[in-house]
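The residues making up each chain are set out below.
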Amino acid sequence: MQFKILFIFFSLCITNICVADYSKHPETTEFIDLMVNEHKFPREQVVEWLAASKHQESIVKAMSRPAEKVKPWHKYRKLFVSPLRIDRGVQFWQENQQALQRAAKDFGVDPAIIVSILGVETNYGRNTGSYRVIDALSTLAFDFYVSVDKRESRRKFFTTQLEHLLLLAREQNRDPLSLKGSYAGAMGWGQFMPNSYRNYAIDYDGDNIADIWNNPTDAIGSVANYFVEHGWKKDQPVATRAFVAEDFNGEGLNKMRRPKMDIDALKGKGYKPVESYPGDTKAFPMLLAGKYGDEYWLGFHNFYVIGRYNPRIKYAMAVYQLSLMIQEKRCESIEDC
């Protein structure tokens, strides 16, 4: 499969679809017209930015092999739920306690989840990405084709992100060529894509700019706002381990969707949560490859909301488990926790 993906990509480049100068790429004419006609950018400015954008082959390779797909859960978990990241999470909480308490009050989001998101995404601002965002988005919008079936949807998604990047740069009076991020084009402490930045990032310290590149207070408020806008429910559970009967019904396993089946129905299919919940609580079943065998879990509504940040079960579980470990470690040194 990996060979096939790269073969498709390099075949397209051989046929001159990959063009060094993105202002002359055959698929950018429509984009340039959009930015000029709908958003009133000077045409020469958009052309200049695209001409300065660089194709990044390493981005194509990274997008074609995400860790969530290739690593089993017990190895993926080690990337994020580590003693160092837990200790740094406790330190970040201590240094930003006032902002986290305020976010919990204003938005109802568990501070441990906010801290964990920032830990998983950027190791608390230590690794916000070294790619120019315009390079990442140009490469992915115009030169990234995993398959013919997904070509149009991927092109549309990343072209939309490129559109939002230029709008964001204009709104914040920043040079779009200077903005750095991940290989997928995500930015700042919370790794927001450009549209999420414009829609959910907030000014949380009162300086009249939503800066999640450099400002941890804005990052805290923005992550909390993102979760609320995607349906986070205050003081509700996230996930629980479950036992399974020998003849359990595995239908619906690992489907990251809004949970529709209640606990009573799941019990009828052979799942037994290790903790007690009301029978009408909605959840969905999950199976993860643990170090010592299969792990069965039930994910609740808030687990699904974490998945709106990144729709991978391993990702959401890493965020959840890191949050628990940070909370536990923090409480070791705090009496009223």
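Now for a look at the structure at hand. For clarity, every value in this text was computed on a predicted model and none was experimentally measured. (Residues numbered from 1 in each chain as written. Predicted model: local features only at pLDDT ≥ 70, side-chain atom pairs only at ≥ 80, totals over all residues. Heavy atoms only, no water.)

The helix and strand inventory of the protein stands at 16 helices and seven strands. Computed over C-alpha atoms, the radius of gyration of the protein comes to 22 Å, within 12% of the 20 Å expected from 2.2 N^0.38 for 337 residues, which places it in the range of a compact globule. On the principal axes, the C-alpha backbone points of the protein span a range of 60 × 50 × 35 Å. Intrachain contacts of the protein at a sequence separation of at least 6 include 70% that bridge at least 24 residues. On the protein, the mean spot of the 44 positive side-chain charges and the mean spot of the 41 negative ones are 5 Å from each other. (Helix = DSSP H or I, 4+ residues; strand = E, 2+ residues; numbered from the N terminus. Rg over C-alpha atoms; globule rule 2.2 N^0.38 Å. Contact = heavy atoms within 4.5 Å. Lys, Arg positive; Asp, Glu negative; His and termini not counted. Charge placed at Lys NZ, Arg CZ, Asp CG, Glu CD.)

Turning our attention to helix α8 (residues 97–107). Turning to α8, its buried residues are Ala-99, Leu-100, Ala-103 and Phe-107. Considered in projection along α8, the buried side chains sweep an arc of 100° and stay on one side of the axis. In α8, the exposed residues that point more than 90 degrees away from the buried face are Gln-98 and Lys-105. One or two positions beyond α8, positive phi appears at Gly-108, with a value near 75°. (Buried < 20%, exposed > 50% of the residue type's maximum accessible area, 1.4 Å probe, protein only. Arc of directions from axis to C-beta.)

Mapped onto the secondary structure, His-164 falls in helix α11 (residues 148–171). On the basis of relative accessible area, His-164 is assigned to the buried category, the value being 15%. Looking at His-164, its side chain comes within polar contact range of the side chain of Arg-198, at 2.9 Å. Not counting the four nearest positions on each side in its chain, His-164 is found in contact with Pro-194, Asn-195 and Arg-198. (Polar contact = N/O pair within 3.5 Å; in protein donor to acceptor, adjacent residues only side chain to side chain.)

Now for the packing of aromatic side chains. Counted according to the given criterion, the structure contains 21 aromatic pairs. Between Phe-92 and Trp-189, the aromatic rings sit 5.9 Å apart at their centres with planes inclined by 40°, giving tilted as the arrangement. Within this pair, whereas Phe-92 is found in helix α7 (residues 83–95), its partner Trp-189 is found in the loop between β2 (180–181) and α12 (194–200), the two being separated by 97 residues in sequence. There is no split in this pair, since Phe-92 and Trp-189 are both buried. An aromatic cluster is built from Phe-192, Tyr-200, Tyr-226, Phe-227, Trp-232 and Tyr-309, whose rings are joined through pairwise contacts. (Phe/Tyr/Trp six-rings, centres within 6.5 Å; stacked < 30°, edge-to-face > 60°.)

Attention now goes to the packing of helix α13 (residues 216–229) against helix α15 (residues 301–309). Where α13 meets α15, the axes come as close as 9 Å, and the angle between the chain directions of the two elements is 120°. With respect to α15, the element α13 is oriented oblique. Note on packing geometry: the crossing formed by α13 with α15 is right-handed. Counting all contacts with α13, which are made through Val-223, Tyr-226 and Phe-227, the residues of α15 involved are Val-305, Ile-306, Arg-308 and Tyr-309. (Axes fitted to C-alpha atoms, helices over the stretch in contact; angles between N-to-C directions. Parallel < 35°, antiparallel > 145°, perpendicular 65-115°, else oblique. Left-handed = near helix turned anticlockwise from the far one by under 90°.)

Relative to the assigned elements, Ala-289 resides in strand β6 (residues 282–290). Along the sequence, Ala-289 and Lys-75 sit 214 residues apart, while their C-alpha atoms lie 9.2 Å from each other. Look past the residues within four positions of Ala-289 in its chain and what remains in contact with it is Pro-72, Trp-73 and His-74.

With that settled, consider the pattern of salt bridges. The final tally for this structure, using the stated rule, is five salt bridges. Note that Asp-87 and Lys-329 form a salt bridge whose closest N and O atoms lie 2.6 Å from each other. Note that Asp-87 is positioned in helix α7 and Lys-329 in helix α16 (residues 313–331), a separation of 242 residues in sequence. Since its relative accessible area comes to 33%, Lys-329 is described here as partly exposed. As a salt-bridge pair, Arg-198 and Glu-171 come within 2.4 Å of each other at their nearest N and O atoms. You can see Arg-198 sitting in helix α12 and its partner Glu-171 sitting in helix α11, a full 27 residues away along the chain. (Salt bridge = Lys/Arg side-chain N within 4 Å of Asp/Glu carboxyl O.)

The next subject is the nonpolar core. One recurring pattern in soluble globular proteins is that nonpolar side chains are buried together. In this structure, Ile-114, Leu-118, Phe-192, Phe-227, Phe-303 and Ile-306 are the most contacted members of the largest nonpolar core, which totals 92 residues. Per-element tally for this core: the top contributor is α16, with nine residues. Excluding residues within four positions of it along the chain, Ile-114 makes contact with Leu-100, Ala-103, Val-109, Ile-220, Val-223 and Ala-224. Core analysis: the second largest hydrophobic core is formed by 10 residues, Ile-263, Leu-266, Tyr-271 and Tyr-296 among them. (Core = buried A, V, L, I, M, F, W, Y, C linked by side-chain atoms within 4.5 Å.)

Relative to strand β7 (residues 293–299), strand β3 (residues 239–244) runs antiparallel, the two sharing three bridges. Pairing of Thr-240 across the sheet is with Leu-298, part of β7. (Pairing = 2+ DSSP bridges.)

When the terminal C-alpha atoms of helix α9 (residues 111–122) are compared, their 17 Å separation across 12 residues agrees well with the 16 Å that a helix rising 1.5 Å per residue should span. Burial analysis of α9 places 11 of its 12 residues in the buried class, the great majority of the element. Among the residues of α9, Pro-111, Ala-112, Ile-113, Ile-114, Val-115, Ser-116, Ile-117, Leu-118, Gly-119, Val-120 and Thr-122 are the ones counted as buried. Where α9 is buried, its residues meet α6 (73–80), α7, α8, α13, α15 and α16. At the N-terminal end of α9, a side-chain oxygen is found 3.0 Å from the backbone nitrogen of Ala-112, two or three residues along, and the residue is Asp-110. (Expected span 1.5 Å × (residues − 1).)

This part takes up the environment of Phe-300. Along the chain, Phe-300 turns up in the loop between β7 and α15. Residues Phe-300 and Ala-52, spaced 248 residues apart in sequence, show a C-alpha to C-alpha distance of 46 Å. Setting aside residues up to four positions removed in sequence, Phe-300 forms contacts with Pro-237, Val-238, Ala-239, Thr-240, Pro-259, Ile-263, Tyr-277, Thr-281, Lys-282, Ala-283 and Phe-284.

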